[in-house]
Amino acid sequence: NAGVTQTPKFRVLKTGQSMTLLCAQDMNHEYMYWYRQDPGMGLRLIHYSVGEGTTAKGEVPDGYNVSRLKKQNFLLGLESAAPSQTSVYFCASRTSVKAADTQYFGPGTRLTVL
Amino acid sequence: GIQVEQSPPDLILQEGANSTLRCNFSDSVNNLQWFHQNPWGQLINLFYIPSGTKQNGRLSATTVATERYSLLYISSSQTTDSGVYFCAVSYSGNTPLVFGKGTRLSVIA
């Protein structure tokens, strides 16, 4: 049981390049989330999904797209990277709508856009 | 949306000292959780505590929902307690958590 995994762990992009971050969970969770963490800003929600085939915008969705084609995977895409997207990206998942259910986080992806 | 404020932003402690971290939130919530991010970046859930008091070893938490605040107590701190502590809230179980900016704790031996 690997929990929540993220690929890649590190990446350096040039302005204008595109990339996709992969989040995978093996806990059969319904809900999945993408956050970004910037110094002094805490975690801010980018997009989330409440089930396979669904996505919704979070607090800071601009410049990102997501897809949830399979229940276990949640992809975050940057179509044209900008230096402002330099950040640490965390994926998380949880099992149901019960508030007490623990949210599990992946190890993070450190992205630098030059 | 909900606003979450945590204090203090930074805290330095000698090993063995006790500390209290505070989380204020701007609206009534049905979900409040505390997380710890270790120095390597891993985030771990500590408590689900929308109201009342819970204890887990040297850590305990209290939420006074009517006054919209929560406190995280760390007793006899150890160097392994270092990291960032986040409070996160949401209106209900099916709305996403909103995180505060965190309290960075450094425990010195």
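Residues numbered from 1 in each chain as written. Chains lettered and ligands numbered in written order. Predicted model: local features only at pLDDT ≥ 70, side-chain atom pairs only at ≥ 80, totals over all residues. Heavy atoms only, no water.

### Let's talk about the sheet that holds strand β7 (residues 65-67) of chain A
All names here are of chain A. Across the sheet, which stays open at both edges, the 4 strands sit in the order β1-β3-β8-β7 with antiparallel pairing between neighbours. Looking at which strands have only one partner, the edges of the open sheet turn out to be β1 (4-7) and β7. Adjacent strand axes in the sheet meet at a mean angle of 20° when their direction is disregarded. Relative to strand β8 (residues 73-78), strand β3 (residues 19-25) runs antiparallel, the two being bridged by 6 bridges. Its bridge partner being in β8, Leu-22 is matched across the sheet by Leu-75. (Pairing = 2+ DSSP bridges. Helix = DSSP H or I, 4+ residues; strand = E, 2+ residues; numbered from the N terminus. Axes fitted to C-alpha atoms, helices over the stretch in contact; angles between N-to-C directions.)

### Some remarks on the interface of chain B and chain A
With 18 residues of chain B at the contact, the number on the chain A side is 22 residues. Both faces combined, the contact of chain B with chain A buries some 1600 Å², and carbon together with sulfur accounts for 60% of it. Per-residue buried area on chain B facing chain A is highest for Leu-43, Pro-96 and Phe-99 of chain B; these three make up 30% of the total on that side. The interface formed by chain B and chain A includes 0 salt bridges. In this assembly, chain B and chain A are joined by 2 residue pairs in polar contact (both at pLDDT 80 or more). Counting only elements with at least two residues in the side of chain B that touches chain A, the list comes to β4 (31-37) and β5 (43-48) of chain B. In terms of residue count, β4 of chain B provides more of the side of chain B that touches chain A than any other element does, 4 residues in total. Its residues assigned to classes, the side of chain B that touches chain A comprises 7 nonpolar, 10 polar and 1 charged. (Contact = heavy atoms within 4.5 Å. Buried area = accessible area lost by both parts, 1.4 Å probe. Salt bridge = Lys/Arg side-chain N within 4 Å of Asp/Glu carboxyl O. Polar contact = N/O pair within 3.5 Å; in protein donor to acceptor, adjacent residues only side chain to side chain. Nonpolar A, V, L, I, M, F, W, Y, C, P; charged D, E, K, R; others polar.)

### A look at the sheet that holds strand β3 (residues 19-25) of chain B
Strand pairing in a sheet relies on backbone hydrogen bonds. The paired strands run either parallel or antiparallel. Residue and element names in this part refer to chain B. A sheet is described by the order of its strands in space; here 5 strands give the open sequence β1-β3-β8-β7-β6, paired in antiparallel fashion. Of all the strands in the sheet, just β1 (4-7) and β6 (52-56) have a single pairing partner and so form its edges. Within this sheet the neighbouring strands show an average axis-to-axis angle of 15°, counted without direction. As paired strands, strand β7 (residues 59-64) and strand β8 (residues 69-74) are joined by 6 bridges and run antiparallel to one another. In the strand pairing of β8, Thr-63 is matched with Ser-70.

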